Amino acid sequence: MPELPFSRRAALRGIGAAGLLAALSGCGVPAAYVPEDRREGPDRSAGERRLAFSNWPLYIDTDDEDEQRRPTLDAFSEKTGIEVRYTEEINDNDEFFGKISPALMNHQQTGHDLVVVSDWMAARFVRLGWAQKMDRSAQPNVAKYLDPQLRSPAFDDARLHTVPWQSGITGIAYNRKSLGREIKSVKDLWQPDLAGKVTLFSGLDESFALLMQGNGVDVTRWTEGDFHRMCDQVEALVKKKHIRRFTGNDYTSDLSKGDVLACQAYSGDVVQLQADNPDIEFVVPEEGAELWAESLLVPNLAPHKANAEALVDYYYDPAVAAELAAAVNYVCPVPAAREVLAASADKETAELAENPLVFPDDEMRKRLVVARDISSAERQSFAKRWNGIVGL
């Protein structure tokens, strides 16, 4: 089986947002931070019934007979009269940041009303003051149905500037039949029978939380010492050739072909892999796993803010959220969508309601946490250490 066509969490790095900011700050660029009262521009939503929405590839429902049609977006336009210019232009968080940051630093429009970025990148937008506060009074569905575990990340208290588009879990995938035993713990990856048969993610933001959790660290408040202890451990495993390699999305191909027996993995990818190979299992380790999200935000000076807020709230209608979840198979940020799927007359659709990788059960949720993100002060030195181990 070839690798999955795309994984939003495993995209390769570009120049790096921290490096870009450092470069720009040395060139006489204005101060980056924008205070709350300078983020909104004239909102033309009432007179211009349109908005520009940028997302990742393969991250929305499509029509079975015409992949250019997106049923939920079409239904939104029919319901509201708001035309959506939808582009799949986000292939990498840092690359997209580099594309729109010059405009944001210079207090100019970006050409986007709504974008989806990973929460570790959303944290940077929020810290820089580059994301507008949404009007929750105009978003009753968000207020009512947003998953409680995703409501107040450390970078955006009460989710005033961001709203999860989809969520997911970074855990462990393995081929139980080929391995011949269960994996229950991160420590199980380091057993001798997996030497040379394990892969980890190459991206720092994608990999660090699960590895720290394996060391018993509370990743909601991890420290610099926790980080370097984890790096020391991984460095030793690399020297012993226990870790086969560090991967992007190609881990799915390695696992499917049997080149690796266990690996760091994303829940949404594994749902798709299991459809072709039921021997592949996904584990939320005993020590816990990271619950992450990729979130919608409205960039500064977006000219159609109210229209964008209406679209965000539309996707939090449980019926719409269920349709999207059935298409993309990530953790749905609207738990109430589970009942909608369960009532479906289509057997496969109804079965998704019982899939804990789409709707985690209570037992699994006890082991899921939202990790503290890497601060701007930490990023440069931490990335240097990690990239030296990974070979980037």
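Residues numbered from 1 in each chain as written. Predicted model: local features only at pLDDT ≥ 70, side-chain atom pairs only at ≥ 80, totals over all residues. Heavy atoms only, no water.

A. Structural view of the packing of aromatic side chains. Under the criterion given, the structure shown has 18 aromatic pairs. Aromatic pair F76 and Y314: ring centres 5.2 Å apart, planes at 55°, arrangement tilted. With F76 in helix 2 (residues 71–80) and Y314 in helix 11 (residues 305–314), the pair connects residues that are 238 residues apart, well separated along the chain. Residue classification places F76 among the buried positions, given a relative accessible area of 1%. Residue classification places Y314 among the buried positions, given a relative accessible area of 10%. On the basis of an interplanar angle of 20° and a centroid distance of 5.6 Å, the ring pair of F97 and W130 is categorised as stacked. You can see F97 sitting in helix 3 (residues 93–105) and its partner W130 sitting in the loop between helix 4 (119–128) and helix 5 (140–145), a full 33 residues away along the chain. With a relative accessible area of 1%, F97 lands in the buried category. By relative accessible area, W130 is classed as buried at 0%. (Phe/Tyr/Trp six-rings, centres within 6.5 Å; stacked < 30°, edge-to-face > 60°. Helix = DSSP H or I, 4+ residues; strand = E, 2+ residues; numbered from the N terminus. Buried < 20%, exposed > 50% of the residue type's maximum accessible area, 1.4 Å probe, protein only.)

B. How the structure looks around unusual backbone geometry. Despite not being glycine, H107 shows a phi value in the positive range, around 55°. As for its position among the elements, H107 is in the loop between helix 3 and strand 3 (114–118). One non-glycine residue with positive phi stands out, namely L301, at about 65°. Here L301 shows up in the loop between strand 9 (289–297) and helix 11.

C. Main features of the pattern of salt bridges. Applying the stated rule across the entire model yields 29 salt bridges. D63 is the partner of R69 in a salt bridge, and the nearest nitrogen-oxygen pair spans 3.0 Å. A salt bridge links R229 to D226; the shortest N-O distance between them is 2.8 Å. Here the residue R229 and the residue D226 both occupy positions in helix 8 (residues 224–239), the gap between them amounting to three residues, near one helical turn. What makes R229 exposed here is its relative accessible area of 52%. Judged by its relative accessible area of 13%, D226 falls in the buried class. Several salt bridges share partner residues, and in doing so they unite R176, E182, K184 and E281 into one network. (Salt bridge = Lys/Arg side-chain N within 4 Å of Asp/Glu carboxyl O.)

D. Representation of the environment of V312 within the structure. If you trace the backbone, V312 turns up in helix 11. As a C-alpha pair, V312 and Q139 span 173 residues in sequence and 7.8 Å in three-dimensional space. With sequence-adjacent residues up to four places away left out, V312 is seen in contact with L114, Q139, V142, V163 and L296. (Contact = heavy atoms within 4.5 Å.)

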